[in-house]
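Coordinate inspection notes
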Amino acid sequence: MKKLISIVLLILLGIGLGHPAAASDNNNDKESINEKFGVPIVVYGETLTEQQKKSVQEQLGLDENDDVEEFTVTGEDLVTYIEVENRNARMYSSAKITRQEKGQGLNVEIVTPDNITEVSESMYANALLTAGVENANVEVASPVKVSGHSALTGIYKAYDVSGEKLDSVRMEVANEELNVATELAKDAGIDKEKVSELLTEIKKEIAEQDPATKEEVEKIVEEKLQNMNIELSPEDRQLLIDLFDKIRSLDIDFDNVQQQLEDLTKDIQSTIKDIVNDEGFGQKVSDFFTGLLDAIAEFFKSIKSLFS
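Note that the structure is predicted; figures quoted are calculated from it, not measured. (Residues numbered from 1 in each chain as written. Predicted model: local features only at pLDDT ≥ 70, side-chain atom pairs only at ≥ 80, totals over all residues. Heavy atoms only, no water.)

So, on to the overall build of the protein chain. A count of helical and extended segments in the protein chain gives ten helices and five strands. In the protein chain, buried positions account for 41% of the 308 residues. For the protein chain, restricting intrachain contacts to residue pairs at least 6 apart in sequence, the fraction spanning at least 24 positions comes to 81%. Per element, the accessible surface of the protein chain, about 17,500 Å² overall, is 48% carbon and sulfur. (Helix = DSSP H or I, 4+ residues; strand = E, 2+ residues; numbered from the N terminus. Buried < 20%, exposed > 50% of the residue type's maximum accessible area, 1.4 Å probe, protein only. Contact = heavy atoms within 4.5 Å. Areas by Shrake-Rupley, 256 points an atom, 1.4 Å probe, with all protein chains shown as cover.)

Dropping the structure here:
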């Protein structure tokens, strides 16, 4: 009887998985336009085909009736905003930027997480805070698998065309920060969220201590690595020290972004907790199905024995 119940449970589980919850009708609700900041800005990667552009619009929840400003980010923009020499870079990553009132914070959402392979939401947020982007909702999308780096250039362009020009040095350092973050995650084998947490914690400590020398920055970096039990090669440690020495020398009002850094820390820790919980749930599901298959095998063995 127990074995029969197991089979019934399997069938019911399959039915449940085959009928996902219906999407909310609220998706069609339109938000009012903040007249102080204007309509949202959408920046499309230059390499997108017309079909891919339509796909991105769907991914960003846009339709032909939405009131937005649209621009294209090109290889020339890479040269303009972050001084990269590759004018022929293929640009797929696209972004929608909606500026918010002061105090709303910076919120980043990757709406196509399977297609942005190297950059996490918190990595974008960290880099954008360094560049001077605050109080905005940023959505990133790509119709194909890409690293995600070019989306940063699109966001810079959105601010430029809206009349809020960002500091060129800060944008360049922010791009370097994103490169260091993805390199640590990829080459040093550190989880992307753990890398983001490390960068955020170092920034918070720099805001707290206001280091005057590179040696003081190095001390902060070393302490955070030790406290978070992160082992890096001497080369990767030097990358971090050099990066944060540049960030230290930037004209950043850390008091102004302190709360956003605190909020970012909470978001990262929540994401890490969710990942750990998901992994635990996945193991439980795996154990369940393993036991279920064993039960089915035993059930059929018992039936076979009746006729032998």
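Still more ground to cover, so stick around.
A pair of packed helices is captured by two measures, namely the crossing angle of their axes and the spacing between those axes. Where helix H6 (residues 168–187) meets helix H9 (residues 234–249), the axes come as close as 10 Å, and the angle between the chain directions of the two elements is 160 degrees. Considering the angle they form, H6 stands roughly antiparallel to H9. Handedness of the H6/H9 crossing: left-handed. Residue-level contacts link Val 173, Glu 176, Glu 177, Val 180, Glu 183 and Leu 184 of H6 to Asp 236, Leu 239, Leu 240, Leu 243, Lys 246 and Ile 247 of H9. Across the contact of H6 with H9, the residue classes tally to seven nonpolar, no polar and five charged. (Axes fitted to C-alpha atoms, helices over the stretch in contact; angles between N-to-C directions. Parallel < 35°, antiparallel > 145°, perpendicular 65-115°, else oblique. Left-handed = near helix turned anticlockwise from the far one by under 90°. Nonpolar A, V, L, I, M, F, W, Y, C, P; charged D, E, K, R; others polar.)

It is the contact of H6 with helix H7 (residues 192–209), at a shortest axis distance of 9 Å, that shows an interaxial angle of 135 degrees. The pairing of H6 with H7 is recorded here as oblique in orientation. Every pair of crossing elements has a handedness; the one defined by H6 and H7 is right-handed. Residues Glu 177, Ala 181, Leu 184 and Ala 185 of H6 form the contact with H7, whose participating residues are Lys 192, Val 195, Leu 199 and Lys 203. For the contact of H6 with H7, the class distribution of residues is five nonpolar, no polar and three charged.

On to a negative patch on the surface, then. On the surface, Glu 109, Glu 121, Asp 263 and Asp 267 cluster together into a negatively charged patch. Inspection of the secondary structure assignment puts Glu 121 in helix H4 (residues 121–131). The partly exposed category is assigned to Glu 121, whose relative accessible area is 34%. (Patch = residues over 30% accessible without salt bridge, like charges linked within 9 Å, V, L, I, M, F, W, Y side chains within 5 Å. Salt bridge = Lys/Arg side-chain N within 4 Å of Asp/Glu carboxyl O. Lys, Arg positive; Asp, Glu negative; His and termini not counted. Charge placed at Lys NZ, Arg CZ, Asp CG, Glu CD.)

What follows is about the environment of Leu 250. Assignment of secondary structure puts Leu 250 in the loop between H9 and helix H10 (254–306). Judged by its relative accessible area of 13%, Leu 250 falls in the buried class. Placed 120 residues apart in sequence, Leu 250 and Thr 130 show a C-alpha to C-alpha distance of 8.9 Å. In this structure, Leu 250 is in contact with Thr 130, Val 169, Arg 170 and Val 173, ignoring residues within four places of it in sequence.

As a further point, take the side chain of Ser 94. Here Ser 94 lies in strand E3 (residues 94–99). You can call Ser 94 buried: its relative accessible area is 1%. A polar contact is formed between the side chain of Ser 94 and the backbone nitrogen of Gly 45, at a distance of 3.1 Å. Discounting chain neighbours no more than four positions away, the residues touching Ser 94 are Val 43, Tyr 44, Gly 45, Leu 48, Val 56, Glu 139, Val 140 and Ala 141. (Polar contact = N/O pair within 3.5 Å; in protein donor to acceptor, adjacent residues only side chain to side chain.)

All right, on to the nonpolar core then. Here is a general trend for soluble globular proteins: nonpolar side chains tend to be buried in one another's company. Within the largest apolar cluster, 75 residues are counted, with the highest numbers of intra-cluster contacts made by Leu 106, Tyr 124, Leu 128, Val 138, Tyr 156, Leu 240 and Phe 244. Element by element, the count of residues in this core is highest for H6, at eight residues. Apart from residues lying up to four places away in sequence, Leu 106 is in contact with Ala 125, Leu 128, Leu 129, Val 133, Asn 135, Ala 136, Val 138 and Gln 260. (Core = buried A, V, L, I, M, F, W, Y, C linked by side-chain atoms within 4.5 Å.)

Once that is clear, we can look at the pattern of salt bridges. Opposite charge on two side chains permits them to pair, given that their charged atoms come into close proximity. Summed over the entire model, instances satisfying the criterion amount to 14 salt bridges. With a shortest N-O distance of 3.9 Å, Glu 201 and Lys 224 are connected by a salt bridge. With Glu 201 in helix H7 and Lys 224 in helix H8 (residues 214–227), this pair connects stretches of sequence that are 23 residues apart. Across the pair, Lys 224 and Glu 201 agree in class, each one buried. Put simply, Arg 237 and Glu 222 hold a salt bridge, and the shortest N to O gap is 2.3 Å. Taken as a pair, Arg 237 in helix H9 and Glu 222 in helix H8 lie far apart in primary sequence, 15 residues in all. For Arg 237, a relative accessible area of 19% puts it in the buried group. Judged by relative accessible area, Glu 222 falls into the partly exposed class, the value being 27%. The structure contains a network of salt bridges with shared partners spanning Glu 201, Lys 204, Glu 205 and Lys 224.

Before going further, it helps to spend a moment on the confidence of the model for the protein chain. Here the protein chain shows a mean pLDDT of 81. Residues at 70 or above account for 76%. Confidence over residues 2–13 falls short of pLDDT 50; this stretch has 13 contacts with residues more than four positions distant or in other chains. Low pLDDT (under 50) marks residues 17–27, which in the prediction has zero contacts with non-local residues, meaning those over four places away or in another chain. (pLDDT = per-residue confidence, 0-100.)

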